[in-house]
Amino acid sequence: MSDAIRRAVLLVVVIAVIVGVGLADAGRGGGGGSPAGPGGSSASADGVGHNDAESSAWFCTGGTGAGGNAKPTLVLTNPTPRAVTGTVTTTAAATGGQASGGARSIPVTVPRYDQAAVDPAPGVSGGGLASTVVFDGGGVGVSQVVTGPLGYSVAPCASRTAGNWYFADGSTAGNDTLSLSLFNPGRTTSVVDVSFVTPTNGLLAPPAYQGVDIPGGSLVFENVGDHVRNASDVATVVTTLSGTVVAAELQSAGQPGNGGPSVVLGAPQPSPAWSFAQNMDVTGADTMFHLFNPTGERARVTLTIGLQQGAAEPLAISVPAMSVSVLDAGRVTRIPSNTPFSATFSSRGGPGIVVSRSLSSVAGSPAPQVGEVAGVPGGSDRWLVPATNDPATSVSALAVVDMSAAAVTVRLAEVSATGPVVVAGFGERRLRPGIPLVVRPGPGTASGTASATGPVIGGEPLVVMATGPVAVACDAAPVGNAGVVVFPALRLP
Amino acid sequence: METLAPPVVAVIVTCDPGPWFPEALRAFAAQEYPELSVLVLDAGSAQDPTAIVARELPGAFVRLLGVNRGFGASANEVLSMVEGASHFLFCHDDVAPAPDAVHFLVEESYRSNAGVVAPKLVSWDDPGRLLHVGMAVDKGGAVVDRVEPGEVDHGQHDAVRDVFLAPGGCTLVRADLFAELGGFDPDIFVMGEDLDLCWRAQIAGARVVVAPQARVRHLEVLASGRRQLPDSVLVDIPVQAVAPPPGPVVPDPAEPGGAEPGGDLVDDGSVAAVVAGSDADATRHRREPHGRHRTKRPVPAITLQSLQRRHELHTVLKSYGWFHLVRVLPQLMALATAEYGIARASGHRDRAAAVAHAWRWNLVRRRAIRTERVSVRAHRLLDDGEVRRLQLHGSARLNAYIRRAVNQGLKAAHLGAESDVGEGEAARDRAHRRRLRADALSLRVMAWIVVVLVLLFGTRQLLGSGFPYVGQLLPMPSAGSLLHRFLSGWQPSGVGTTDPTSPASGLLGVAGVILFGGVGLLQKIVVLGCIPVGAWGMARLVRPVGSPRARLASTLVYLAVPLPYDALATGRWDGLLAYAACPWIVGFLARASRFAPFGSLDDAGAPAGVAGTATGSGSDVGDTPPGNGSAPGPHMPPAAAATTTVTTITTATTMTARGAADDTGGATGAVAARRAALTPRWRRSAVGQVLGLGVLEAVLTSAAPSGAFLVVVITAGLAVGSVVTAGRVGLRPAGRIVAAGLGATVVAFVLLMPWSVSLVAGPDRWQALTGLATSHGNAPGWGAILRLAVGPIGNTPLSWAFLASAALPLVIGSRWRLGWAGRAWILALVAWVLTWATGHGWLGALTPSAEVLLAPAAVGVALAVGLGAASFESDLPGYNFGWRQAATVLAAVAAAVGVLPVLLASSGGRWDLPLTGYGQATAWMGTRGAAAGNFRVLWLADPRVLPGGGWPVGTGLAYSISEDGLGDSTEIWSGSSPGAAAAVGDAVRSARAGSTVRLGGLLAPYAIRYVVVVETLAPSIPGFQSPPQYLPPTDVEPALLSQLDLRQIIGQGGFEVFVDDAALPEHAVLVRGHKTPSPAPSGSSSSSPPGSAVIGSDSALAGWTPVLTAPRGATAVTGPVPAGTVLAAVAPSSSWELVAPGGRVERSTTRFGYAAGFDVARPEVVTVRYRGSAVHGLEIAAEVLLWLVALGLLVGRRRAWALWSSRIRRRAARRARRVVSGPPAPGDGAVDGAGAETVGDDTETGDGSTDVTGAETNGEAVPRPSDTSPGTTVPSGTLSHE
């Protein structure tokens, strides 16, 4: 090989490798931050632990003691083939934000394929309550039903603590009361900053809410209205300086018969996508979506509306940094009245957002209630729908919406005493992106493009299985009324 | 007619006199002094001078001494031969006294009552120029001439005066004085016998005067180089005559320009020979008809300067009384030390060697000196104070040095003493050449001095204090602990394991013992020493290229790449070790390839560097590096072409000795050849090379396990490079490279057994070799990889400059320079791509650190830069002026610019290593935890910042476990498998997966009290240090915060600490009768403080109290325990036993799946100890034996080889003597035919009967048996002057 040839070969090889790998490296972009591990980090805090987990825990807060607006009942749903034991430890908060200093522990056993309801604090009155449910294993989901003079509300409990919590909406206007529960279930004292964002005042950081010490195992239950007065749209940001907490809000609105309590678990982090599978803009009610952008960057959000007849034209919404945008569904002409629809908010490529929905149904309307519900961030292919635990409440509909870009297949199983049983006649339903599947109770009642033979929804826990990420919501309402209290299902591993 | 003149005998000592001799004799014949007799003493001339003497000076006497014992010893013969003379006139055979010279000398002797009278010595060829008019001497014996070199005689020195020294050549000595003094010192062969005699004469009270009216012409044939000393004189310490291995190359080396400039030290471990400069150089390899060659002469070693210096010192040591000696000797030692250092630093190796030789030679003769001191004391009349008054004050050499330095500069001062000995055209010529070489040497020396200063400056803060404990820079345990861990068979790694440990523990332990337990110093040596060792390896790697510039450039670039400093800054000891080892590994594999200049093949597959091709056509010749067995190539500079020497010796695996590149280049071809000749042949064989590389790989791997992968990378890079650069021809070299790499790996594997076996015993153990997967987010980018800047240093565009410089040989290089530049680049490319790929997780579990993987790339870049320099010298002159010349300039500028980042980084004094590490930040653990017994700490971090080694939890997260706080450096070799501690990793995985909220409960049985999550290289302290971040996966902190039984106590400063309050002590006792709390029944409720809720509690963990606190890593602990169950939370449970006063207590149970439980019946003092294994002892013994064998083969066998070969030669010599001539006849002067072969024997035996001596001999001295008979006299008989 002559020198000239060798030289040429070498130069070509060297340049090709350097340039080639350089292009590949540039294509992969910067390293970014360290990836999450197996557990990952999710915008949702409502995941059920693996069946074979050594232990799992749920944290329920937002409720109050007897005599309050939201006496909690913990609903423990075990879709696994083994009984799971655990302990429910409840802490009560004293007023004024001071930890109560006491805790009660109740051993519990959740039978296989069954559901148990636990009163976490029998005989405890007033103030806020927080419960920690520790199971000697995984697979059990816990949700919380609160009842009071204003009505009831259902919300999932948190399966993990977090350093940040976000709430897109709340109201201290009029007779509305908004309470913030900050529960530290661990052993490390957490230090928390709380700030609020309102459309009129922007970011508020009340000094009393800065550097709040929350010792391990204690609960701080604060009335937001003491510091943010008469604000109808209050977004809340909870940031821990050290440690982690669980945060929930209890919204009490209106009067008995024309109002309702809402327990809302915060979102541990902003998410690029939020879905509300079940909505109905009924006559006489106001359906409002609150889009909270807690980041420092403007978010450009696309609202995808899924209707029975197909997808409506998406709607673009701009949410400035650290602000709340309110979308009145009744003013969106592309949403027909009295028609179920799904709403999916996407901020893909931009900063994450937090979205919640509030529904205010005045007296005389089919469902005179006021409710607040958080959306479902992201999707999951397995969901656990606990049975409602209030005999006066029924599930009016189960809604499933595809959150992926491709069609998915959905199956529905009922957790019976012998195990999950595929709902007879439901079979597999093909679900197109953005088009909601609404399954109503009772045989032969279905809506949406995918008709379904409804099981006795609400009687037994359900497991929703899909071949792709879907969001599942359940509309619970007093028997015979249109549902307005929608609660998300629990994610299954 | 009777005369009143005192009888004078002129004693002319001669040996192989030259053409000047008749003229000298005629001068004596013309003397006007009437009572002058002439005695010619011939000291073993090859040709009998009797005929010449008879012709020119018929009245003279001639005595053939038959052997040359030096001027002094020969002249002393006059004492036994002459009676009745009043004076002796001792003359060389190259002096021609003026007709009245003897007359004036004798007259002055009487007039001045002088014992010694010196004439005015003038130049032989130009009598108008002065040589000497007496000489002065300082207290150290240094002689100072009274005339300037070449000074014209205007009568300015014509006054008679006392002098201290009458210079040799022609000296009149009173006969009685001479007899009283015992004549000349026979130990002084040449150079200095005059000083010795005059000094003793002064002590004896005799005057020494100079009589300028007596004029004597002196040719100074010895000093002017017209006569050479015999090799037996020039050899400092006898050298075994080792014949080079047989091979096709039998060059005749050592033309003046081809010798090592200024001499060199040849150190083969047993032989220290100071090699003279060009005039006294060279092993004479003669080509013989059958291609065999033999050593004609021993390696000459001594210069005239050396002789002069040693004899000066010799005279001082024997002449001073004790008082003055004690006073003067320290001064001389200090001056000698300083002179040695300056001479070495300025490249004047010959002078440095002379100084060292003088002291060594006299030290060896200390007994003889004591005897001579007695003799001197016997005739002392003047004390030293009187004698000192005649000497110069101060140090003549120091004064001259300062004077020259002030007047002419340092360079002139360094060169000044070149004229200490000799002059004449040849000497001046040689001095000029030496000056040129010294200039080049000085440049290199200055460069090295700057480099050393920069390194010292950049490391200054680390030299005076310990390392901060970051990364792999952990505190090193005591030497005893290191050895104990190596020998005990149990390691505290994890929660304890009986897996074999790395031999590095034993090696460091031994080193620590050698340093008297100074493990702190040891750590600095093994960490900071990696940088100079790497540079040394680079210099060695590039040496065969044959260009000092290339060597300098490569080494400087290798020192200036940011890689080692980044490794140091981030506490990556494995990176530093890889940096140190890589050039050596590349060198081994390069030699295995046999590509020129590392071997005999050119890139076309033809032999290069062998004599057959070297003298052939230019094309092949040009592809051969200087000194690689070829004549200079067509592109070589004329100077280089004129002086290239050929010294290659080819064997199965070819070693190449570099010859001279050019006159100023400081070639070392002859020295390299001698080194090669002294290197055992087997070490240059394939097996020897593989063994050497294998030992290197074993050492590297034992300290940095991923080093094993390094050999694979380099092997792959060079093999691929061989194919790419040489096409099909490269397949065979590539195969050799691969074979060598594999062979070395096998050797290393064997040497590292049983540790190596444990590493490959299961897939979960390979990570010790392959490294821990770092976070992809922390992976360096392609740009950083190319710039070899993967840490805080070198993150500047200037770091690209080296790449530009390294590209030069690709565009201007040719032949083997282009070939090796290509291989260097391919090697670098392979390393770069692998680094990039592993950073992105493309190679799966194969994840050595970037610092380790990039070390071959650094070698490749540095080698390419050096080859660029070689191409500049050899290839560029062959091109017409154009862009290549411009590219060369740019490359040179780029190389200079590339140094800047590291240069700037040196300003900090610690190469960006953090000021404080995790040692201080976690020191509180030990104090807090002591009351609760021994505990463990679980460390979770990205592998780059994990203290010590560890095991993976997932990508970007690893864990390690240490005892009682921060671990020590043995954590680096934390074992191939976590063993029982694997459950700890599983628990962490569960926590990350959300599968537990009771991690504390899971860790508690393993005595893990603290969980530390490390996020930065060192604690982050605002305003003090901001170390680089290597964040663990984002889910780790939330997962730990979600644990209901862990309590976070520190959550900032770059690390987080969680406490597990339920953790058991390492040694605990569950007192008998303790009631384990049972969980509350279902449905009941209880009230408890929130912080101590029963969440996560485990009844099995309750009730244990600490006992038996032990030092970290102890294999036995003794103390009192109450009755109950004693827990030893160390694995494996079966290897531990409890010994009570009543005997050994059997292990009752295995607790928590790994810990040992012992039932103790009553309170007593017990010992929990590790039960050793006999098998382990055998394993250790075998391992030590293997290492000794390997090291013995590499080191010890060299001496064995030399002894063996010398025996063979002695035997052959004896055979040759018997065959050739038998015993020589007395007086026949026959040359022993085996003389050349028997030099080593003769000098080695020291037997006087076979001493080879010669004074002022010309040409080759050959040994001959001493002739003890009187020899031949003409006329015979004893001279008698009545």
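Thresholds applied
- Residues numbered from 1 in each chain as written.
- Chains lettered and ligands numbered in written order.
- Predicted model: local features only at pLDDT ≥ 70, side-chain atom pairs only at ≥ 80, totals over all residues.
- Heavy atoms only, no water.
- Helix = DSSP H or I, 4+ residues; strand = E, 2+ residues; numbered from the N terminus.
- Buried < 20%, exposed > 50% of the residue type's maximum accessible area, 1.4 Å probe, protein only.
- Contact = heavy atoms within 4.5 Å.
- Areas by Shrake-Rupley, 256 points an atom, 1.4 Å probe, with all protein chains shown as cover.
- Disulfide = S-S within 2.5 Å.
- Axes fitted to C-alpha atoms, helices over the stretch in contact; angles between N-to-C directions.
- Parallel < 35°, antiparallel > 145°, perpendicular 65-115°, else oblique.
- Left-handed = near helix turned anticlockwise from the far one by under 90°.
- Pairing = 2+ DSSP bridges.
- Patch = residues over 30% accessible without salt bridge, like charges linked within 9 Å, V, L, I, M, F, W, Y side chains within 5 Å.
- Salt bridge = Lys/Arg side-chain N within 4 Å of Asp/Glu carboxyl O.
- Core = buried A, V, L, I, M, F, W, Y, C linked by side-chain atoms within 4.5 Å.

Undergrad: It is not clear to me how the overall build of chain A should be interpreted in this structure. Could you clarify?
TA: Helix and strand content of chain A: 1 helix and 37 strands. Among the 493 residues that make up chain A, the fraction classed as buried is 59%. Residue pairs in contact within chain A that sit at least 24 positions apart in sequence constitute 78% of those at least 6 positions apart. For chain A, the accessible area works out to roughly 16600 Å², and carbon and sulfur atoms hold 54% of it.

Undergrad: Got a minute to help me understand the environment of Ala 114 of chain B in this structure?
TA: All names here are of chain B. Position of Ala 114 relative to the elements: it lies in strand β7 (residues 114-123). Since its relative accessible area comes to 1%, Ala 114 is described here as buried. Separated by 96 residues in the primary sequence, Ala 114 and Val 210 place their C-alpha atoms 9.4 Å from one another. Once residues within four sequence positions are removed from consideration, Ala 114 is found in contact with Ser 109, Arg 174, Arg 207 and Val 209.

Undergrad: In this structure, what is going on with the state of the cysteines? I would like to understand it.
TA: Two cysteines form a disulfide when their sulfur atoms are joined by a covalent bond. Residues and elements named next belong to chain A. Scanning the entire structure with this criterion turns up 1 disulfide over all chains. The residue that forms a disulfide with Cys 60 is Cys 157, at a sulfur-sulfur distance of 2.0 Å. Between Cys 60 and Cys 157 the disulfide shows an S-S torsion of about 110°. By sign, it is right-handed. Pair noted here: Cys 60 is in strand β1 (residues 56-64) and Cys 157 is in the loop between β8 (151-156) and β9 (164-167), with a separation of 97 residues, a long-range link. Considered together, Cys 60 and Cys 157 belong to a single accessibility category, that of buried residues.

Undergrad: Quick question: what am I supposed to make of the packing of helix α22 (residues 548-560) of chain B against helix α39 (residues 855-874) of chain B here?
TA: A pair of packed helices can be characterised by two numbers: the angle between their axes and the separation between those axes. All names here are of chain B. Contact geometry of α22 with α39 gives a least axis separation of 8 Å together with a crossing angle of 150°. With respect to each other, α22 and α39 are oriented roughly antiparallel. Helix-helix and strand crossings are classified by hand; for α22 and α39 the assignment is right-handed. Here α22 contributes Arg 549, Ala 550, Ala 553, Ser 554, Val 557 and Tyr 558 to the contact with α39, which in turn contributes Ala 855, Ala 858, Val 859, Val 861, Ala 862, Leu 863, Val 865, Gly 866, Ala 869, Ala 870 and Glu 873.

Undergrad: In this structure, what is going on with the sheet that holds strand β18 (residues 957-963) of chain B? I would like to understand it.
TA: Sheets are built from strands paired through backbone hydrogen bonds, the pairs being either parallel or antiparallel. Residues and elements named next belong to chain B. Judged by pairing direction, the sheet is mixed, and its 6 strands sit side by side in the order β17-β18-β16-β19-β21-β20 without closing on themselves. In the strand order of this sheet, the two ends are held by β17 (951-954) and β20 (1047-1052), each with one partner. Neighbour-to-neighbour, the strand axes of the sheet open up by a mean angle of 25°, direction not taken into account. Contacts between helix α44 (residues 982-992) and the sheet are confined to β16 (936-941), β17, β18 and β19 (1008-1014), with β17 contributing the most and set at about 20° to the helix.

Undergrad: Can you walk me through the pairing of strand β13 (residues 207-218) of chain B in this structure?
TA: Two faces, one strand: in a regular strand the side chains alternate between the faces of the sheet. All names here are of chain B. Both strand β6 (residues 95-97) and β13 contribute to a ladder of 3 bridges, which runs antiparallel. The residue of β13 that forms the bridge with Ala 96 is Arg 217. Sheet analysis places β7 next to β13, joined by 9 bridges and oriented parallel. In the strand pairing of β13, Ala 118 is matched with Val 210. Sheet topology places strand β11 (residues 161-162) next to β13; 2 bridges connect them, and they run antiparallel. Bridge pairing in β13 places Arg 161 opposite Val 210.

Undergrad: Got a minute to help me understand unusual backbone geometry in this structure?
TA: All names here are of chain B. Going from Met 753 to Pro 754, the amide bond is cis rather than trans, its omega being 5°. With respect to the helices and strands, the residue Pro 754 is situated in the loop between α31 (731-751) and α32 (755-759). Residue Pro 1132 is bonded to the preceding Ala 1131 through a cis peptide linkage, with omega at -10°. Despite not being glycine, Asp 964 shows a phi value in the positive range, around 55°. By secondary structure assignment, the location of Asp 964 is in the loop between β18 and α44.

Undergrad: Would you mind showing me how to read a nonpolar patch on the surface here?
TA: All names here are of chain B. A contiguous nonpolar surface patch, about 520 Å² in accessible area, is contributed by Met 446, Ile 449, Val 452, Leu 453, Leu 456 and Leu 463. Here the nonpolar patch gets 5 residues from one element, more than from any other, and that element is helix α16 (residues 425-458). Structurally, the position occupied by Leu 453 is in helix α16. Given a relative accessible area of 52%, Leu 453 falls into the exposed group.

Undergrad: How should the nonpolar core be read in this particular structure?
TA: As a rule of thumb, nonpolar side chains are buried together in soluble globular proteins. All names here are of chain B. In this structure, Trp 573, Ile 585, Ile 714, Leu 788 and Trp 832 are the most contacted members of the largest nonpolar core, which totals 154 residues. If we skip the residues at most four places from it in the chain, Trp 832 touches Trp 782, Ile 785, Leu 786, Leu 788, Leu 803, Trp 825, Leu 854, Ala 857 and Val 861. Within the second largest apolar cluster, 54 residues are counted, among which are Leu 177, Leu 181, Ala 206 and Val 316.

Undergrad: Whenever I open this one, the pattern of salt bridges confuses me. Can you help?
TA: As a working rule, side chains carrying opposite charge can pair if their charged atoms are close by. Residues and elements named next belong to chain B. For the structure on display, the rule yields 36 salt bridges over all chains. Between Arg 397 and Glu 312 there is a salt bridge; the shortest N-O distance is 3.0 Å. With Arg 397 in helix α14 (residues 396-408) and Glu 312 in helix α9 (residues 304-319), this pair connects stretches of sequence that are 85 residues apart. Owing to a relative accessible area of 4%, Glu 312 belongs among the buried residues under this scheme. One network of salt bridges, in which partners are shared, links Asp 185, Asp 196, Arg 200, Lys 318 and Glu 372.

Undergrad: It is not clear to me how the sheet that holds strand β7 (residues 141-148) of chain A should be interpreted in this structure. Could you clarify?
TA: All names here are of chain A. If you walk across this open sheet you meet the 4 strands as β5-β2-β7-β8, and the pairing is antiparallel. At either margin of the open sheet sits one strand with a lone partner, and together these are β5 (114-118) and β8. Sheet twist, expressed as the mean angle between neighbouring strand axes with direction ignored, is 20°. Note that strand β2 (residues 71-78) and β7 share 7 bridges and pair antiparallel. From the neighbouring strand, Thr 73 faces β7, where its bridge partner is Val 145.

The values are spatial; any link to function lies outside them.
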